[in-house]
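Listed below, chain by chain, are the residues.
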Amino acid sequence: MIIVMALDATAEQVDAVVNRLREIGADAHVSQGQRRTVIGAVGDRGQIQQLPWEAMAGVERAVPVLKEFKFVSREFQQDDSVIHVGNVPVGGGHFAMMAGPCAVESRDQLMASAEAVKKAGAVILRGDAFKPRTSPYSFQGLGEEGLQYLKEARELLGMPFIAEVLDPRDVELVAEYADLIRVGTRNMANFTLLREIGRQNKPVLLKRGFTATVDEWLNAAEYIYKEGNHDIIMCERGIRTYEPSTRNTLDISAVAVVKRLSHLPVIVDPSHSGGHRYLVAPLAKAAVAIGADGLLIDVHQAPETAKVDGAQALLPDDFSELMDDLRKIGHAVGVSI
Ligand code: PEP
Ligand code: MN
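Since the model is a prediction, treat every value here as computed from it, not as a measurement.

As a further point, take the coordination of the manganese ion (ligand 2). Donor atoms from the polypeptide that coordinate the manganese ion (ligand 2) comprise C102 (SG), H272 (NE2) and D309 (OD), at 1.9 to 2.2 Å from the metal. Here the donor residues for the manganese ion (ligand 2) map to a single chain with the spacing C-x169-H-x36-D. Of this pair, C102 sits in the loop between β7 (96–100) and α3 (107–120) while D309 sits in the loop between β14 (294–298) and α11 (316–333), and the two are 207 residues apart along the sequence. Both residues of the pair, C102 and D309, belong to the buried class.

Dropping the structure here:
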């Protein structure tokens, strides 16, 4: 149940609702919007719905939530969430370009890509120290050594970075280094990992599972939110369909769907959805046009030598050219890139 307070509700009236909820053993989560206060009630559904909330002073309406997710829903919070990654705002009209190599392979490789993406206008560096690979014999990442190089790049370039965490046992380690923790597509439904990340004080980027519905994806975000970490960015990265010409099918409509259902920012990864270099620019342009709050793009200074995903990595010059095109599209749709 979501209890929407009237515009002129007083603090005492909000407290009275919260206290009434606690009396019946329910949890009350108060969201203070710019215009009004909304209270999310969690507990025994039947018991909560039975009480005459709309009869209480200052209550405008009580809305039963049909979806399982509450706190990440638009009903709970009408205003867009703005998530701060280091000093970079994401969402609520703030667009963030995240770019860099898929994996950290060496110090020199990372620095070369990092400098190139920064120069072209990226505001968050990507690069992974832990890689989820289909084959156990493929390169798995440099581990903590990779995180140290990323930290060095941040200090050198003044650019926050995003990195994936695969294992609940590594969450604290990655959270200690990274500015934005990423949950990859394969782990979207790893609820142990989600809960652990929910207890961290670091923003998280939650990729959509490649077989997940939007509803399942938002429920995964709810797992994180419920534990106390409210700084969540959603990332559409394509879903598995019967179409083999792309690595995954980018569900571009999911951006608009999630923005309607949720207050969380939504970004797009055109690299892991398309899977081919030639698709990255057109998909990225579509993402900006539809209103995505950012992009996550693979850039490598020598893709032919890349240990991971070279076929979809942009060269620095191509990335720079793409940034120019995206700025024009951003201008047309009222977004500054
Ligand atoms: C990645 O961004 O490097 C990655 C592994 O993505 P995904 O989880 O979407 O496959
Ligand atoms: Mn990759």
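Having seen the structure, we can now continue with the description.
Okay, the site of ligand 1 next. Around ligand 1, the structure places 14 residues, and the nearest of them are R126, K131, T185, K207 and R237. Separating an oxygen atom of ligand 1 from a side-chain N or O atom of K131 is a distance of 2.8 Å. Separating an oxygen atom of ligand 1 from a side-chain N or O atom of K207 is a distance of 2.8 Å. Bound to the protein, ligand 1 loses 98% of the 290 Å² it would expose on its own. Its residues assigned to classes, the shell around ligand 1 comprises two nonpolar, three polar and nine charged.

Here we come to the side chain of D293. With respect to the secondary-structure elements, D293 resides in the loop between α10 (277–290) and β14. By relative accessible area, which is 6% here, D293 ends up buried. Among the polar contacts made by the side chain of D293, one reaches the side chain of K259 at a distance of 2.9 Å. Not counting the four nearest positions on each side in its chain, D293 is found in contact with V90, G91, G92, H94, F95, A96, K259, P265, V266 and I267.

Taken as a whole, the protein is organised into domain 1 (2–63) and domain 2 (83–333). Using C-alpha coordinates to define each centre, domain 1 is positioned 37 Å away from domain 2.

Turning our attention to the packing of aromatic side chains. Any two aromatic rings considered together are summarised by their centre-to-centre distance and by the angle between their planes. Applying the stated criterion across every chain yields a total of three aromatic pairs. Residues F71 and F76 carry aromatic rings whose centres are separated by 5.1 Å and whose planes lie at 65° to one another, so their mutual orientation is edge-to-face. With relative accessibility at 3%, the residue F71 sits in the buried group. Ring-pair connections join several aromatic residues into one group, and the members of that group are F71, F76 and Y225. Taking NZ or CZ as reference, K307 lies 4.9 Å from the ring centre of F139, over its face.

End to end, α3 covers 20 Å across 14 residues, agreeing with the expected 20 Å (1.5 Å per residue, within 8%). Of the residues making up α3, those classed as buried are Q109, L110, M111, S113, A114, V117 and A120. Against β7, β8 (124–126), α4 (144–157) and α11 lie the buried residues of α3. Looking at the residues trailing α3, positive phi occurs at G121, about 115°.

Right, let's get into the pairing of strand β3 (residues 37–42). Burial runs high along β3: five of the six residues are buried. Inspection of the sheet shows strand β1 (residues 2–5) paired to β3 by three bridges, in the antiparallel sense. Its bridge partner being in β3, V4 is matched across the sheet by V38. When strand β2 (residues 27–32) meets β3, the two strands line up antiparallel, connected through six bridges. Each bridged residue has a counterpart across the sheet, and for H29 the counterpart in β3 is G40. Between the end of β2 and the start of β3, which pair antiparallel, lie four residues.

For helix α1 (residues 11–23), spanning 13 residues, the distance from its first C-alpha to its last is 18 Å, which sits close to the expected 18 Å at 1.5 Å a residue. Residues of α1 that are buried in the fold lie against β1, β2, β3, α2 (45–50) and β4 (59–63). Following α1 by one or two positions, G25 has its phi on the positive side, about 80°.

Rules of the game
- Residues numbered from 1 in each chain as written.
- Chains lettered and ligands numbered in written order.
- Predicted model: local features only at pLDDT ≥ 70, side-chain atom pairs only at ≥ 80, totals over all residues.
- Heavy atoms only, no water.
- Donors = N, O, S within 2.8 Å, 3.2 Å for Na, K, Ca; no water.
- Helix = DSSP H or I, 4+ residues; strand = E, 2+ residues; numbered from the N terminus.
- Buried < 20%, exposed > 50% of the residue type's maximum accessible area, 1.4 Å probe, protein only.
- Near = heavy atom within 4 Å.
- Polar contact = N/O pair within 3.5 Å; in protein donor to acceptor, adjacent residues only side chain to side chain.
- Areas by Shrake-Rupley, 256 points an atom, 1.4 Å probe, with all protein chains shown as cover.
- Nonpolar A, V, L, I, M, F, W, Y, C, P; charged D, E, K, R; others polar.
- Contact = heavy atoms within 4.5 Å.
- Domains from an automatic or database assignment.
- Phe/Tyr/Trp six-rings, centres within 6.5 Å; stacked < 30°, edge-to-face > 60°.
- Lys NZ or Arg CZ within 6 Å of the ring centre and 35° of its normal.
- Expected span 1.5 Å × (residues − 1).
- Pairing = 2+ DSSP bridges.

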